[in-house]
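Structure at a glance
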Amino acid sequence: MKTNEPLLFLQGFLKNPKRVGSLLPSSKFLAHKIVQSVRWDEIRTIAELGPGTGAITRLMRAELPQSATVFLFVIPVLPSYEETIS
């Protein structure tokens, strides 16, 4: 997690709490647990709703088969959100 991510997340929540579902981004521990629970060899298509700061997205990218189709549904709350997930 980049050092400014928690602040960025909090700013997004304060600016628009209906679009940001949490005060803080997912921890590395939570992201690893979520990614470990998926049978990646069975995935053909996956959708991530609100990738936030990309904690889970970055780990997911390493596990996905190259043939998988990924849909990321992003509604920018702050301009720098998009920079953190790329």
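Residues numbered from 1 in each chain as written. Predicted model: local features only at pLDDT ≥ 70, side-chain atom pairs only at ≥ 80, totals over all residues. Heavy atoms only, no water.

A count of helical and extended segments in the protein chain gives 4 helices and 2 strands. Mapped in sequence order, the helices and strands of the protein chain form the string α-α-β-α-β-α. Residues classed as buried in the protein chain amount to 30% of the 86 residues present. Taking as baseline every contact in the protein chain between residues at least 6 positions apart, the subset at least 24 positions apart corresponds to 60%. For the protein chain, the accessible area works out to roughly 6100 Å², and carbon and sulfur atoms hold 57% of it. (Helix = DSSP H or I, 4+ residues; strand = E, 2+ residues; numbered from the N terminus. Buried < 20%, exposed > 50% of the residue type's maximum accessible area, 1.4 Å probe, protein only. Contact = heavy atoms within 4.5 Å. Areas by Shrake-Rupley, 256 points an atom, 1.4 Å probe, with all protein chains shown as cover.)

A complete count under the given rule lists 1 aromatic pair for this structure. A ring pair is formed by Phe-71 and Phe-73, whose centres lie 6.4 Å apart and whose planes are at 25 degrees; its orientation type is stacked. Here Phe-71 falls in the partly exposed class, since its relative accessible area comes to 42%. Residue Phe-73 is classed as partly exposed on the basis of its relative accessible area, which comes to 47%. (Phe/Tyr/Trp six-rings, centres within 6.5 Å; stacked < 30°, edge-to-face > 60°.)

Another point: the pairing of strand S2 (residues 69-73). Bridge count for strand S1 (residues 45-49) against S2 is 5 bridges, and the pairing is parallel. Bridged to Thr-45 within S2 is Thr-69. Once you follow S1 into helix H3 (residues 55-63) and on to S2, the crossover reads as right-handed. (Pairing = 2+ DSSP bridges. Right-handed = clockwise from strand over helix to strand, strands pointing away.)

Any functional reading would require information that these geometric values do not contain.
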